[in-house]
Amino acid sequence: MLTRVRSAVAHLVSSGGAPPPRPKSPDLPSATAAPPAAAPEAPKSPPARPGSGSRAPAKTAEARASFSRPTFLQLSPGGLRRADDHAGRAVQSPPDTGRRLPWSTGYAEVINAGKSRHNEDQACCEVVYVEGRRSISGAPRESSRGQGLCFYYWGLFDGHAGGGAAEMACRLLHRHVQEQLKDLVDILQDPSPPPLCLPSTPGTPGFSDRSHLVGPQPCWSLQKEVSHESLVIGAIENAFQLMDEQMARERRGHQVEGGCCALVVVYLLGKVYVANAGDSRAIIVRNGEIIPMSREFTPETERQRLQLLGFLKPELLGSEFTHLEFPRRIQPKELGQRMLYRDQNMTGWAYKKIELEDLRFPLVSGEGKKARVMATIGVTRGLGDHNLKVCSSTLPIKPFLSCFPEVQVYDLTQYEHCPDDVLVLGTDGLWDVTNDCEVAATVDRVLSAYEPNDPSRYTALAQALVLGARGTPRDRGWHLPNNKLGSGDDISVFVIPLGGPGSYS
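In this text the structure is predicted, and so the values were computed from the model without any measurement. (Residues numbered from 1 in each chain as written. Predicted model: local features only at pLDDT ≥ 70, side-chain atom pairs only at ≥ 80, totals over all residues. Heavy atoms only, no water.)

Tracing the backbone shows Arg 372 in strand β15 (residues 372–373). The exposure class assigned to Arg 372 is partly exposed, which follows from its relative accessible area of 29%. Put simply, Arg 372 and Pro 362 are ten residues apart on the chain and 9.7 Å apart in space, counted from C-alpha to C-alpha. Beyond its immediate sequence surroundings of up to four residues, Arg 372 is in contact with Pro 299, Leu 363, Val 364, Ser 365, Ile 377 and Gly 378. (Helix = DSSP H or I, 4+ residues; strand = E, 2+ residues; numbered from the N terminus. Buried < 20%, exposed > 50% of the residue type's maximum accessible area, 1.4 Å probe, protein only. Contact = heavy atoms within 4.5 Å.)

Where helix α9 (residues 436–447) contacts helix α10 (residues 457–470), the two axes come as close as 10 Å, and the packing angle between them is 140°. Taken together, the axes of α9 and α10 are oblique relative to one another. Seen along the crossing, α9 lies across α10 with a hand that is right-handed. Along the contact surface, α9 presents Val 439, Thr 442, Val 443, Val 446 and Leu 447, while α10 presents Arg 457, Tyr 458, Ala 460, Leu 461, Ala 464 and Leu 465. Here the contact of α9 with α10 is composed, by residue class, of nine nonpolar, one polar and one charged. (Axes fitted to C-alpha atoms, helices over the stretch in contact; angles between N-to-C directions. Parallel < 35°, antiparallel > 145°, perpendicular 65-115°, else oblique. Left-handed = near helix turned anticlockwise from the far one by under 90°. Nonpolar A, V, L, I, M, F, W, Y, C, P; charged D, E, K, R; others polar.)

For the rest of this paragraph, the subject is the pattern of salt bridges. For the coordinates displayed, the defined rule picks out 21 salt bridges. Across the salt bridge formed by Asp 358 and Lys 352, the nearest N and O atoms sit 2.6 Å from each other. You'll find Asp 358 and Lys 352 in the same group, each marked buried. Through salt bridges that share partners, Arg 133, Glu 179, Lys 182 and Asp 183 make up one connected network. (Salt bridge = Lys/Arg side-chain N within 4 Å of Asp/Glu carboxyl O.)

For strand β3 (residues 106–110), a buried count of five out of five residues is recorded, marking the element as mostly surrounded by other parts of the structure. Neither face of β3 is left uncovered, since the one carrying Gly 106, Ala 108 and Val 110 and the one carrying Tyr 107 and Glu 109 both have all their residues buried. Taken together, the five bridges between β3 and strand β21 (residues 491–497) define a ladder with antiparallel strand orientation. What sits directly across from Gly 106, in β21, is Val 495. (Pairing = 2+ DSSP bridges.)

This brings us to the packing of aromatic side chains. Considering all chains together, one arrives at ten aromatic pairs under this definition. Ring plane angle 50° and centroid distance 5.4 Å describe the contact between Trp 103 and Tyr 152, whose orientation is recorded as tilted. Of this pair, Trp 103 sits in the loop between α3 (77–83) and β3 while Tyr 152 sits in strand β5 (residues 149–160), and the two are 49 residues apart along the sequence. Measuring from centroid to centroid gives 5.9 Å for Tyr 152 and Tyr 267, while their planes differ by 55°, and the two rings are tilted. Taken together, the residues span a long stretch of sequence, with Tyr 152 in strand β5 and Tyr 267 in strand β6 (residues 259–268) at a distance of 115 residues. The class of Tyr 267 is buried, set by a relative accessible area of 5%. (Phe/Tyr/Trp six-rings, centres within 6.5 Å; stacked < 30°, edge-to-face > 60°.)

Before going further, it helps to spend a moment on α10. Compared with the 20 Å implied by 1.5 Å per residue over 14 residues, the 20 Å span of α10 between its first and last C-alpha is a close match. Of all 14 residues in α10, ten are buried; the element is thus mostly enclosed. Along α10, the positions that sit buried rather than exposed are Arg 457, Tyr 458, Thr 459, Ala 460, Leu 461, Ala 462, Leu 465, Val 466, Ala 469 and Arg 470. Gly 471 sits one or two positions beyond α10 and adopts a positive phi of about 80°. (Expected span 1.5 Å × (residues − 1).)

With respect to the helices, strands and loops of the structure, Gly 234 is situated in helix α6 (residues 228–250). Note on Gly 234: relative accessible area 22%, which makes it partly exposed.

Negative phi values dominate among residues other than glycine, just as trans dominates among peptide bonds. Of note, the phi angle at Ser 104 is positive, near 60°, even though the residue is not glycine. Positive phi, normally seen in glycine, also occurs at Ala 161, with a value near 60°. In this structure Ala 161 comes out as exposed when scored by relative accessible area, which is 65%.

This part takes up the pairing of β5. Burial analysis of β5 places eleven of its twelve residues in the buried class, the great majority of the element. As paired strands, strand β4 (residues 121–130) and β5 are joined by ten bridges and run antiparallel to one another. Residue pairing in the sheet places Ala 123 in a bridge with Leu 156 of β5. Here β5 pairs with β6 via nine bridges, running antiparallel. Opposite Gly 159, over in β6, you have Cys 260 as the bridge partner.

For soluble globular proteins, the rule of thumb is that nonpolar side chains tend to be buried together. Formed by 40 residues in total, the largest nonpolar core has its most connected members in Phe 151, Phe 157, Leu 181, Phe 240, Leu 268 and Leu 383. When residues in this core are grouped by element, the largest group, nine residues, is from helix α4 (residues 164–181). What Phe 151 contacts, discounting residues up to four positions off in sequence, is Glu 126, Val 127, Val 128, Val 130, His 174, Val 177, Gln 178, Leu 181, Val 266, Tyr 267 and Leu 268. Counting residues in each nonpolar core, the second largest holds 30 residues, with Leu 80, Leu 156, Leu 263 and Ile 496 among its members. (Core = buried A, V, L, I, M, F, W, Y, C linked by side-chain atoms within 4.5 Å.)

Turning to the sheet that holds β3, a few remarks are in order. Sheet architecture is open: five strands sit in the order β3-β21-β18-β8-β9, paired in antiparallel fashion. If you trace the sheet from one side to the other, it starts and ends with β3 and β9 (289–292), each paired once. Sheet twist, expressed as the mean angle between neighbouring strand axes with direction ignored, is 20°. Where strand β8 (residues 281–286) and β9 come together, four bridges link them in antiparallel fashion. Pairing of Ile 283 across the sheet is with Pro 292, part of β9.

The subject of this paragraph is the side chain of Glu 120. You can see Glu 120 is positioned in the loop between β3 and β4. A polar atom in the side chain of Glu 120 sits 3.2 Å from the backbone nitrogen of Gly 162. The residues touching Glu 120, leaving out its near neighbours within four places in the chain, are Phe 157, Asp 158, Gly 159, His 160, Ala 161, Gly 162, Gly 163, Ala 166 and Asp 490. (Polar contact = N/O pair within 3.5 Å; in protein donor to acceptor, adjacent residues only side chain to side chain.)

Per-residue confidence for the chain averages 84 on the pLDDT scale, and 78% of its residues sit at or above 70. Residue range residues 8–21 is modelled with pLDDT below 50. Its contacts to residues more than four positions away, or to other chains, number 28 contacts. In the model, residues 23–27 has pLDDT below 50 throughout and makes 17 contacts with residues more than four positions away in sequence or in other chains. (pLDDT = per-residue confidence, 0-100.)

To continue, consider the state of the cysteines. Formally, a disulfide is one covalent bond, and it connects the sulfur atom of one cysteine to the sulfur atom of another. Summed over the entire model, instances satisfying the criterion amount to zero disulfides. Distance from the sulfur of Cys 261, which forms no disulfide, to the nearest cysteine sulfur (Cys 260) is 7.2 Å. (Disulfide = S-S within 2.5 Å.)

What follows is the structure, encoded as structure tokens:
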């Protein structure tokens, strides 16, 4: 009995554990056409073509599988080579000529200083139209408004152990968001509270007449109030999970190697939804004020969740790890002594007698950028990593990693925004060497040098942020003006002006 209770609680506390089976997204097209009578499957991962999706491939199929950059950069073959040059580390941005990104969004990126063979960051910027869900016969369901919804979408995907997961998420995650919103098209445009259940269509699978089951109604309300905002949050959360499940299914056939952190922004019906799974970061700079819109998920910030899962499911630790944390690795000669420790329930420290099991390697070790889960990975949320195992072991790490994002909401209609108010998204290559206040100072310095109606000011700001984090080459490395080391990681930055489309209705 205790084992069953522990297993149930473990599923609740570990969003990173294996989720229950979920139906595939029914309306997303597959890579190959299915027979007419067969239900379509969730989207496969066909090779991207120039001008389709959100990334620009290199010339050959082999190069495309290993190196690609966002389509909106419009890179020529020579531009692709410069973007892949670790020595020069040229900053890449969309050209001034040609169509601008939605909302005059600014973007800039630079490759790492040799950390990996290619730039493993990916970026996506889309405008997506959502039609209401169609019935089983293919006819649209009755709509009280007769129109769909449009949402704006920005995504940064920081890959690790390969770029496959980041490329796949960049190409497909917004389609999963679109699919999840199909059931909500009419609901979100209706000011009345959302229905508890969606109606079934007579004659379709799952429909049954339950009118005979209706009994006396209780004299009190048992239904929780659910906001439209929470429905959008749930749609984004489900999209992340479906994306992760698709990676698990297709990781062999489509070479979805590694994993990625994901930072996504969705603008819908006057509100900005910022979803973060990983160690990227988003902040709003409004009239000089800094408003955090995400938090990083690392072994340190999620220590208690990880330890609780290890405590409830010790089989995930094998005989190699302990869920307890100690200030340092315990030596065999210290058996029987009392040493500082903390477990899944503690934020402080206490003393315990060292036992033989405590000699195992701690589940969470290190601190800062050197903190690791099972001595392997430094982030605890993201997409992919289905093949990741402990070094020289068969222990999988995926059960401790969560694909679910934390979603924060900002209502654009509640404030009067000036042209200098922006939402800054950056992968950890930016934030490793730059703090929020320094970013806000750069926002003020750069934007004040441009006319408020100059749409190129946001690209210039993104470039300044990337250059400021990269530094300049000196003494066989990249250094900042204060002589500290610059970021040697891939750096990607979006600058989204909060003026947006000019109307938030």
